[in-house]
Amino acid sequence: MSGTVRNRNTTEKVHNEEPKLTEQQKKELADLKKIHPANEFGGIVGTFLLIFILPVVVYWIWASIEFNQGYLLRPATLSVDGVKDFFVTLYNYVITYAYPTKEAAVIYFAWFFFQAFLQHFVPGRRVLGSPLPGGKRLEYTLNGWASWWITLIVIPVCIYFGLFKATILYDNYAPMMTVVNIWSFVFTILLKVHAMIKDEEERMSGHFFYDYWMGFARNPRIGSFDLKLFCEARPGLILWVLMNFSIAAKQFEVYGEVSISVIMVCCFHFWYIADYYYHEEAILTTMDIITEKFGYMLVYGDLAWVPFTYCFQCYYLFKHLVDGQPIHISIGYACFVLGLKAFGFYLFRWVNSQKHAFRRNPEHLIWGKKPDYILTKRGTKLLCSGFWGICRHLNYTGDIILSWAWCLPCQFDSAAPYFYGIYFTTLDLHRCWRDHNACLEKYGDDWKNYCKRVPYVFIPKVF
Ligand code: NDP
């Protein structure tokens, strides 16, 4: 691919000439086609279990919130019969209340294709992604900010004109979740077929379930439509925010008011996603886009896990009652949570933006000084100034603080609303370890050198 793309902010021209391959790049490309060991996420057994356990975990938390006031359902006794009864109860909840319905399927697919339509047709700025193995850079049209606001206008207009109720997502939550579970399985199979037809499979292990989980092609596209960017950024992320709003609408319908804690969680999540779209270009330098292949892990994570579990705090706040009323928090406590959220957000945003600005323009001053960096043998630069000179992953630290701040409005009656904080901390710890290994493989001694210069990962002088 060759072309010239104009950057909106700098009017600087970015050239993407057909690259002449260096020996290093030829080796990188040849490596992709070799058989790779199945050694991530617990290997063949680990990935097989994850594929089937994750949906069960989501049903379990949903059933706990919906039918048990948010207290986690568990076996009455730790005997074989106790565990069996627990699974039978869960199965009955799913079959009775989460069976896929025609209405849920229509809602979901209308949503999915509406978002696909926006991604394809809304005008946006064209930018080049990070260099892939072999030096190639893909072109992306970034129209997320416009699509986000179009969605936020279209949905209320539809509600106003009575096309559907504001509570439609909450009312169809469980059947829709099952529809998306099935769709994630099918969609991943389609990705496999697509990758085989286009001969785009890379780093395959030859073990079906392991490859099904890890993915097949890195950046599958239909024409110019980037399937991974779409799933990462559109149907799941916006649905998560709308799901929160729908739960808030339900609380209003039932109690005649929306509690402060629900308002707080809705605003936190809304802000996070609005910020994401405002800085949309930053996704192009993330691990998900640069490194990961597209398979069940990302498909399920993007389409099902994000919208149906990230709203658990709101869901819990609606269903969990104290003296027959939704949880009410004091002004002092709300201010504390807001402060924590602001701190986490500051860290998350500025650390990510610093790396992104540096990658766009390595001369860009950081905290008033010329940035210090390591020029790697691959040609890319590893920033050693600013936040990236203090710790190697302060962006994760900020995100983890944020994740706990989002849970705190639920107070402490049950562990269910802390699902997000627990999951996200685990995810980022594991992600950090995986990224470290990927960078070690990519950069070799340059990465070791960076780790020596910046020895801490999350907390300066501690870890
Ligand atoms: P990073 O943005 O930290 O990306 C890691 C990559 O950045 C590395 O592979 C390397 O790639 C490059 N890099 C690492 N160190 C440096 C350096 N010193 N200078 C320049 N480049 C460097 O991590 P992620 O992509 O995992 O995450 C981005 C954000 O998204 C995080 O804040 C994370 O918490 C958040 N996130 C949120 C999720 C959610 O569900 N809410 C899910 C996943 C992530 P290369 O050199 O090849 O460019």
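Computed from a predicted model, the values in this text were never measured in an experiment.

What counts, and where the lines are drawn
Residues numbered from 1 in each chain as written. Predicted model: local features only at pLDDT ≥ 70, side-chain atom pairs only at ≥ 80, totals over all residues. Heavy atoms only, no water. Near = heavy atom within 4 Å. Polar contact = N/O pair within 3.5 Å; in protein donor to acceptor, adjacent residues only side chain to side chain. Areas by Shrake-Rupley, 256 points an atom, 1.4 Å probe, with all protein chains shown as cover. Helix = DSSP H or I, 4+ residues; strand = E, 2+ residues; numbered from the N terminus. Nonpolar A, V, L, I, M, F, W, Y, C, P; charged D, E, K, R; others polar. Buried < 20%, exposed > 50% of the residue type's maximum accessible area, 1.4 Å probe, protein only. Pairing = 2+ DSSP bridges. Core = buried A, V, L, I, M, F, W, Y, C linked by side-chain atoms within 4.5 Å. Domains from an automatic or database assignment. Contact = heavy atoms within 4.5 Å. Phe/Tyr/Trp six-rings, centres within 6.5 Å; stacked < 30°, edge-to-face > 60°. Arc of directions from axis to C-beta. UniProt positions renumbered as here; feature names shortened; annotations may be inferred. Patch = residues over 30% accessible without salt bridge, like charges linked within 9 Å, V, L, I, M, F, W, Y side chains within 5 Å. Salt bridge = Lys/Arg side-chain N within 4 Å of Asp/Glu carboxyl O.

**Student:** How do you make sense of the site of the ligand when you look at a structure like this?
**Tutor:** Neighbouring the ligand are 28 residues, the closest being Arg 359, Tyr 396, Asp 399, Arg 431 and Tyr 443. For the ligand, an oxygen atom lies 2.5 Å from a polar atom in the side chain of Tyr 396. Here an oxygen atom of the ligand and a side-chain polar atom of Asp 435 are 2.6 Å apart. Alone, the ligand offers 930 Å² of accessible surface; in the complex the protein occludes 92% of this. Ranked by residues supplied to the shell around the ligand, first place goes to helix H18 (residues 419–443) with nine residues. Residues that form the shell around the ligand fall into these classes: 16 nonpolar, four polar and eight charged.

**Student:** How should the pairing of strand E4 (residues 139–142) be read in this particular structure?
**Tutor:** The alternating pattern of E4 places Tyr 140 and Leu 142 on a buried face, while none of Glu 139 and Thr 141, on the opposite face, is buried. For strand E3 (residues 125–128) and E4, the ladder comprises four bridges, and the chain directions are antiparallel. Across the sheet, Val 127 pairs through a bridge with Tyr 140, a residue of E4.

**Student:** How do you make sense of the nonpolar core when you look at a structure like this?
**Tutor:** Ranked by internal contacts, the top residues of the largest apolar core, which has 119 residues, are Trp 62, Tyr 108, Tyr 173, Met 176, Phe 187, Trp 240 and Phe 312. Formed jointly, this core draws a minimum of three residues from each of two domains, domain 1 (102–326) and domain 2 (329–462). Ignoring anything within four residues of it in the chain, the contact list for Trp 62 reads Phe 67, Tyr 93, Val 94, Tyr 97, Ala 98, Tyr 173, Ala 174, Met 177, Phe 312 and Tyr 315. Counting residues in hydrophobic clusters, the runner-up holds 18 residues, among them Leu 382, Cys 384, Trp 447 and Val 454.

**Student:** Would you explain the packing of aromatic side chains in this entry?
**Tutor:** To describe a pair of aromatic rings, you give the distance between the ring centres and the angle between the ring planes. Summed over all chains, the structure comprises 73 aromatic pairs. Taken together, a centroid distance of 6.3 Å and an interplanar angle of 75 degrees make the contact between Phe 112 and Phe 187 edge-to-face. Note that Phe 112 is positioned in helix H4 (residues 102–121) and Phe 187 in helix H7 (residues 173–197), a separation of 75 residues in sequence. Overall, Phe 187 belongs to the buried group, its relative accessible area being 7%.

**Student:** Can you walk me through the environment of Arg 137 in this structure?
**Tutor:** Structurally, Arg 137 is set in the loop between E3 and E4. Linking Arg 137 and Val 127, residues 10 residues apart in sequence, is a C-alpha distance of 9.7 Å. Looking at Arg 137, its side chain comes within polar contact range of the main-chain oxygen of Gly 129, at 2.7 Å.

**Student:** Quick question: what am I supposed to make of helix H1 (residues 23–32) here?
**Tutor:** Helical periodicity: at 3.6 residues per turn, an α-helix aligns residues three or four positions apart in one direction. Considered for burial, the residues of H1 that qualify are Gln 25, Glu 28 and Leu 32. For H1, the angular spread of the buried residues around the axis is 55 degrees, confining them to a single face. When the buried face of H1 is taken as reference, the exposed residues oriented beyond 90 degrees from it are Glu 23 and Lys 27.

**Student:** Explain the UniProt feature "transmembrane region" (unreviewed entry) in the protein chain to me, please; I cannot follow it from the model alone.
**Tutor:** The UniProt entry lists residues 41–62, 105–122, 142–164, 176–195, 254–274, 294–318 and 330–351 under the feature "transmembrane region" (unreviewed entry), expressed in the numbering used here. In residues 105–122, the share of helix is 94% and the share of strand is 0%. The end C-alpha atoms are 25 Å apart. Note that residues 176–195 is 100% helix and 0% strand, and that its end C-alpha atoms are spaced 28 Å apart.

**Student:** Quick question: what am I supposed to make of a nonpolar patch on the surface here?
**Tutor:** A cluster of nonpolar residues, Ile 44, Val 45, Phe 48, Leu 49, Phe 52, Ile 53, Ile 189, Val 193, Ile 197, Phe 208 and Phe 209, forms a patch on the protein surface that exposes about 990 Å² of accessible area. Every element with two or more residues in the nonpolar patch is listed here: helix H2 (43–67), H7 and helix H8 (208–214). The dominant element in the nonpolar patch, judged by the number of residues it contributes, is H2, at six residues. Along the chain, Phe 209 turns up in helix H8. On the basis of relative accessible area, Phe 209 is assigned to the partly exposed category, the value being 32%.

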